[in-house]
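# Results of the structural survey
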Amino acid sequence: MAVCFVTLFQWRLNSVLLLQESEILFRVKDQILSLISKLDEVGSFLGNPFFWTLHAREMAKSFLTLFEPELGKKGKEQVVSFIRKLDQVTGVSGDVERIWACYKTWVSEIRGTLREADDYIDEFITKVYVQTEQDQKESTAEFGSEIEIIKSRVSEIMNKRSKFDEETPLVSCMLSYINLTYDLKLSLLFYCAFRWVHRKTKGDLVRILVAAGLTQEKSGELMEDKAQENIERLVDLGMLEEEVSILNSLSVPSPYYELSLSVMKAEDFFISTANSDNIIPPTARHVSILEAANTITGMNSLPHSLFVSAKDGLSKVSSDCLRNVLHNAKLLRVLNLENTKLKNLPDEIGQLLNLKYLGVTHSRLNELPESISNLRNLQTLDISCSCYEFELSNGVLNLAQLRHLKMNRPMDDGEVRVPQGISRLRNLQTLEGIYAGGGIAEELGIMTQLRSLEVRRVSEDHADELYFSVMKLTRLQNLSLFVERERESYDSSSSLKYGNSILPCLESFSPPPLLQTLELEGRLIEMPLWLGSMENLTTLYMCYSHLSENPTTILQFLPNLKYLQMAEAYKGRRMEKEFFGAGGFPKLENLEISSHNLVEWTEIEEGALPCLKELSIYYCMELMVPPEGLQHVTTLQILNLWNVHEDLIQRLSPNGGPENYKIRHIPLVIYSGRMSHGFWGERPPRVTNL
C-alpha cells in the first residue's frame, strides 16, 4: 500500500544518514531530516483508517470481478454485503468512486516522486564512494539541493491534497469523524439530529447525553463533567462551534452537519423528520419529530430517545396520539416535548420507569400528574416556561435520582414554589426558578451538592437566610438572583424596570469560591466590593442595577471575565475613558451595553479590551456618536446595534459617514430596529439589516 511505500522510503533516508560516520553527509543532515518530517505528514494522511477502508473496498471489488464465477450465489452475496458495509463506514455513498479515483491519482504522484528520489539516492551512493574528497563535497552539495527539490515536489503534491479535499469536502470531515471514540461520535450525532425551535445550550446537551447513557460515572467523577469534556473536545476539533452571539449555545458547522446526516441515514439509528407523517423505521432508537402539528406518528420502534417540537403547539389529536406513543414506549430514557403548549401530561408518563430526562418546555402546564412520583430513575426535569400558575407538587420529592430541576413561569417574577423538604433531593446539582421564601432559603444551605442555583423574587424577608445558605454551597458554579418587583410601582413601559426594587443585604454576602457565572437582576445601592475578588468569574450579568458609580472600576480587573452584560446597570449619562482603560478587561470576549440614559461615550483607551470579539449596543436611544478608540479594538468580529439613535447609524454609514473609520475593520455589523430607510453598502464591512 501507499503508506508502506512512504515508510520504506523514510527508512531509506534514515539509512543514508548513517553515512555521517565518514562526515560525507554532515552538511545535508538538516535537509534530510526536514524531508523525513514532511514524509511523516504524508504517511499520516495515507495511514488514516478512512483510506484503509477505501483500499479494502477496492480489493473486495477486484476479488468479486476476478472470482465471481467460482464464488457462487452465496459467496457473491457475502462480498457485496461486505462492500456495502464498507460504504456505510465511509459514509460517502455515491461519492465513493470519485473519491477513490482522486485518491489513486494523488497516490500515484507521490509514488512516482519517491521512486525517482530513490533512484537518485542509489546513484549518489554509488558515485560518492569512488570520488576524491573534493568531488565528494561537490556531489554532497548537489545532493542537498536535490533533496530540497524533492521536498518541494512533495509539498506541491500535499497541496493538491488540499484541492482534493475541496472537491470532496466530506473527506477531511470523515477522516476526523472516523477517529472519534464511540461516545464522541454519538455526542455529535445527538446535537445534529435534534434541531429545536428554541436553541439548546451546552448545559442542555450535557444533561441529554448523561440521560442517554453516553457517559459513564467513575468514582470521584461526575457524569456531567465527562459529558462537558466530550463537548469541549468536539469544539476543539472544530466539529461543534460556540455561538459568539448566544452565550453557551452551539452550532454544527458544514460539512460536519451533512456528514452526520449521511451517517444517520446509513445506520438507520437516528431519524429526524420535518414531516411527522413519515414512517419511522422499527430499528430507530433515537427519534426526532420536527414541526409536529396534526399528528404524532405511532411508532413500531422501541425508542430510547424521543424529541417532539412544534411550531405553534400540538392539536388535541396530537395530544391523544402522544398518550398512545407513551403507552408503548417503555424503554424511553429521554423525552423532550418543546413548544407543544400541552395543558397536561398523560398519566402514562408514570409508566416510563427507565426515563431519565423529561423536558416539557414552552407549555401550558399548571401541574404535573401524580404519576410523576413513579419516575425513580429521573435525572433531569425541565419545565421551563410553563403555565402562569404552575406550582410543583410533593410528588417530585420522591425523585431520589433527580440531578437537575429547571423551572420558571412566563409572567410576573417567574418564580415557582417548591414543596418543603426539597433538600431531601441529595443528588440535585441544578435548581433554577425557585422562590426561597417559606423556609426554603434555610433548606438550601443543606444542599451542598448544588452547582447551579437560580432564585427569583428575592426579598428582605428571606434575603439574609438565602445569602447565608448560598455561602455554604462550596461547589456552586452558577448563581442567579432576581429581586422581587414592587407591583404598585412597576410600569412595563418604563425604562426603569425594577426602579424601586433593591436587591437587599448584598453587602453581607460573600460568593462561593468556585463561582463562574453570576446574574444580578435588580437595583444596587452601590457596587459590591466582593465582586473584585471573584477570580474564577467568567460571565456576569448586571441588569437594572441603576448604579450612580462606574461599575467597571472593579470589573475591568477581573482576570478571567469573558462575557459581560450591563443592561441598565449604569444610570449616568456619560462614559469616559476610565470605563475602559488600557489593559482593562484582559480576557473579555463579549460586551453588551444597554442604557436609556447614556448620551455620550467619549473614549476607549488604546490597549483596552484586547480580546473582544463582539460588542452589542442595545436601546441606547440617546447615544449619537460612537467612542473614539473603537478602531483600536482590532479583535472585534461583530458589532450589534439594536434600537439605537438614527444619527448614530448615519455617522457609521459606509457611504460617507464621518465615524465610519471607527468600525471599518469589523467584518460584520448588524443593525436592527426602527428606521425610515437603510443605506448600508457592500463589504467592508459586511452588514446585515434584520
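Up top is the structure.
Report on the accompanying structure. Just so it is clear, the structure is predicted and the values come from calculations on it, not from any experiment.

So, how was this worked out
- Once a new chain begins, its residue numbering starts again from 1 and follows that chain's sequence as written.
- Since the coordinates come from a predicted model, pLDDT governs what is reported: local features require at least 70, and pairs of side-chain atoms require 80 or more to be given and counted, while whole-chain, interface and lining totals use all residues.
- Calculated side-chain values reflect all of the structure's heavy atoms, with hydrogen atoms and water omitted.
- Burial status follows relative accessibility: with a 1.4 Å probe on protein chains alone, a residue under 20% of its type maximum counts as buried, one over 50% as exposed, and anything between as partly exposed.
- Strands are runs of DSSP state E lasting at least 2 residues, helices are runs of H or I lasting at least 4, and numbering of each runs from the N terminus.
- By this definition, two strands are paired if DSSP reports at least two bridges between them.
- Throughout, nonpolar core names a set of buried Ala, Val, Leu, Ile, Met, Phe, Trp, Tyr and Cys residues whose side chains join them through atoms within 4.5 Å.
- Contacts are assigned to residue pairs that have any heavy atoms within 4.5 Å of one another.
- Stacked, tilted and edge-to-face are the three classes assigned to paired rings of Phe, Tyr and Trp, where Trp is represented by its six-membered ring and a pair needs centres within 6.5 Å; plane angles under 30 degrees give stacked, over 60 edge-to-face, the rest tilted.
- Placement of a positive charge over a ring is assigned whenever Lys NZ or Arg CZ falls within 6 Å of the ring centre and within 35 degrees of the normal to the ring plane.

## Side note on the pairing of strand β17 (residues 590–594)
Most of β17 sits inside the fold, with five of its five residues counted as buried. Every second residue of β17 is oriented toward a common face, with Asn590, Glu592 and Ser594 on one face and Leu591 and Ile593 on the other, all of them buried. Where strand β15 (residues 563–567) meets β17, five bridges bridge the pair, whose relative direction is parallel. The partner of Tyr563 across the bridge, within β17, is Asn590.

## Digging into the nonpolar core
The nonpolar side chains of a soluble globular protein tend to be buried, and buried together. With 113 residues, the main nonpolar core has Leu453 and Phe580 as its most contacted residues. Of all the elements, helix α13 (residues 460–470) adds the most residues to this core, at four residues. Excluding residues that lie within four positions of it along the chain, Leu453 makes contacts with Leu431, Ile434, Leu444, Val470, Leu473, Leu476, Asn478, Leu479 and Ser480. Formed by 34 residues, the second largest nonpolar core is a distinct cluster that contains Val210, Met223, Ala227 and Met239.

## Considering the packing of aromatic side chains
For the structure shown, the criterion picks out seven aromatic pairs. Centroid distance Phe580 to Phe585: 5.7 Å. Interplanar angle 40°. Geometry classified as tilted. Just as Phe580 is buried, Phe585 falls in that class too. Aromatic rings pair up to connect Tyr467, Phe509 and Trp530 into one cluster. Positioned over the ring face of Phe482 is Arg456, at 4.5 Å from the centre of the ring. Note that Arg457 overlies the ring of Tyr435, its terminal NZ or CZ placed 5.7 Å from the centroid.

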